[in-house]
Amino acid sequence: MRVLYFAWLRERIGAATEEVETEAATVAGLVEELRARDERHAAAFADLAAVRVALDEEMADLDAPLAGVREVAFFPPVTGG
Amino acid sequence: MAGARILVRVQEADFDVSEELERLTAGRADVGAVASFVGLVRDRAGETAISGMTLEHWPGATERALTRIAGDAAARWPLQGALIVHRVGPLRPAERIVLAAAASPHRHAAFEAAAFLMDWLKTEAPFWKKEETPEGARWVEARESDDAAKARWGA
């Protein structure tokens, strides 16, 4: 599964994208696995209230299932315009 | 309105407002109104001086989000065209950052649709601003007032 990071999540993790092998059933499960990887991931996911997620470019909740998902994106609330 | 011209672009370069609006209506004579909004980079945020900002986006997904937003506007109002041009990369104060415009036979639809484009863009399109302040660079936080502005259009 491909995981994308944007804005301060990308900065804290130190990468814009990574390939992840996961058995997690939901986004929340994936987040727990990522948090356990290292301090960078733990810092990026310290405050989940500030993190939004998209599954294959569709906005989703933390309890959304990952079955069939190819790409997960994590990012802060958007600030364009 | 069927066949509305949807024009969406994300680019680093500046844009010419007149040329963009011309593109929206070129070749047709049934447009009665074009309403446009131009967003500029301010040199302050509250009391904090801003010397510049950098805009990050999600290539591909951003363009698809803008196209969807423009299409939603064309489904809600009798539009003949909807246009969004958004810049990314480093920007200085007073530079243009975004142009949103709507073309319609009549002004009310054009005004409302242009406001809708901006309200939805601000809360739905994947862009992130990082401001340069005297204390260093910082990511701009989303505003609840932007969510409220979007909510007034209903789901």
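First, a word on scope: everything that follows refers to the structure included in this document. Because the structure is a prediction, the values reported are computed rather than measured.

## Quick notes on the packing of helix 3 (residues 107-124) of chain B against helix 4 (residues 144-151) of chain B
Two quantities define a packed helix pair, namely the angle between the axes and the distance from one axis to the other. Residues and elements named next belong to chain B. Contact geometry of helix 3 with helix 4 gives a least axis separation of 9 Å together with a crossing angle of 130°. One element, helix 3, and the other, helix 4, form an angle in the oblique class. For helix 3 against helix 4, the interelement crossing comes out left-handed. Two secondary-structure elements touch here, helix 3 through D119, W120, K122, T123 and E124 and helix 4 through D146, D147, A149 and K150. In terms of residue class, the contact of helix 3 with helix 4 is built from two nonpolar, one polar and six charged.

## Points about the sheet that holds strand 1 (residues 2-5) of chain A
All names here are of chain A. Overall, mixed pairing links the five strands, which are arranged 2-1-5-3-4 in an open sheet. Where the open sheet ends on each side, the last strands, each with one partner, are strand 2 (17-19) and strand 4 (58-60). Across this sheet, the average inter-strand angle for adjacent strands is 25°, counted without regard to direction. Here strand 3 (residues 52-55) runs beside strand 4; their pairing, made up of three bridges, is antiparallel. Residue pairing for strand 4: L55 is matched across the bridge by E58.

## Some words on the packing of helix 2 (residues 61-76) of chain B against helix 3 of chain B
All names here are of chain B. Between helix 2 and helix 3, whose axes approach to 10 Å, the crossing angle comes to 145°. Regarding helix 2 and helix 3, the two cross each other, and that crossing is right-handed. Note on element contacts: helix 3 touches helix 2 through F116, L117, W120, L121 and E124, opposite A65, L66, I69, A70, D72, A73 and R76. When its residues are assigned to classes, the contact of helix 2 with helix 3 shows nine nonpolar, no polar and three charged.

## Re the packing of aromatic side chains
Counted under the stated rule, the structure contains twelve aromatic pairs over all chains. Ring centres of Y5 of chain A and F45 of chain A lie 6.3 Å apart, and the angle between their planes is 65°; on these two criteria the pair is classed as edge-to-face. Here F45 of chain A lies in the loop between helix 3 (39-44) and strand 3 and Y5 of chain A lies in strand 1, a separation of 40 residues in the sequence. In terms of burial, Y5 of chain A and F45 of chain A fall into one category: buried. On the basis of an interplanar angle of 55° and a centroid distance of 6.1 Å, the ring pair of F75 of chain A and W58 of chain B is categorised as tilted. Pair noted here: F75 of chain A is in strand 5 (residues 71-75) and W58 of chain B is in the loop between strand 5 (52-57) and helix 2, and the two residues belong to different chains. The residues F75 of chain A and W58 of chain B share a single accessibility class, namely buried. Here the aromatic cluster, defined as three or more aromatic residues joined through ring pairs, consists of F6 and F75 of chain A together with W58 and W128 of chain B. Geometry around F15 of chain B places R96 of chain B over its ring, the cationic atom sitting 6.0 Å from the centre.

## Topic: the pattern of salt bridges
Taken as a whole and assessed by the stated rule, the structure comprises 18 salt bridges over all chains. R35 of chain A is the salt-bridge partner of E32 of chain A, the closest N and O atoms lying 2.6 Å from each other. Highlighted residues: E32 of chain A and R35 of chain A, both in helix 2 (residues 27-35), separated by three residues, approximately one helical turn. On the basis of relative accessibility, which here comes to 26%, the residue R35 of chain A falls in the partly exposed class. For R138 of chain B, the salt bridge identified is with E131 of chain B, shortest N-O distance 3.0 Å. Note on R138 of chain B: relative accessible area 34%, which makes it partly exposed. Here E131 of chain B falls in the buried class, since its relative accessible area comes to 10%. Each of D14, R87, E95 and R96 of chain B takes part in salt bridges that share partners, so that together they form one network.

Reading the values: rules and limits
- Residues numbered from 1 in each chain as written.
- Chains lettered and ligands numbered in written order.
- Predicted model: local features only at pLDDT ≥ 70, side-chain atom pairs only at ≥ 80, totals over all residues.
- Heavy atoms only, no water.
- Axes fitted to C-alpha atoms, helices over the stretch in contact; angles between N-to-C directions.
- Helix = DSSP H or I, 4+ residues; strand = E, 2+ residues; numbered from the N terminus.
- Parallel < 35°, antiparallel > 145°, perpendicular 65-115°, else oblique.
- Left-handed = near helix turned anticlockwise from the far one by under 90°.
- Contact = heavy atoms within 4.5 Å.
- Nonpolar A, V, L, I, M, F, W, Y, C, P; charged D, E, K, R; others polar.
- Pairing = 2+ DSSP bridges.
- Phe/Tyr/Trp six-rings, centres within 6.5 Å; stacked < 30°, edge-to-face > 60°.
- Buried < 20%, exposed > 50% of the residue type's maximum accessible area, 1.4 Å probe, protein only.
- Lys NZ or Arg CZ within 6 Å of the ring centre and 35° of its normal.
- Salt bridge = Lys/Arg side-chain N within 4 Å of Asp/Glu carboxyl O.

As far as function goes, none of this settles anything; it's purely spatial.
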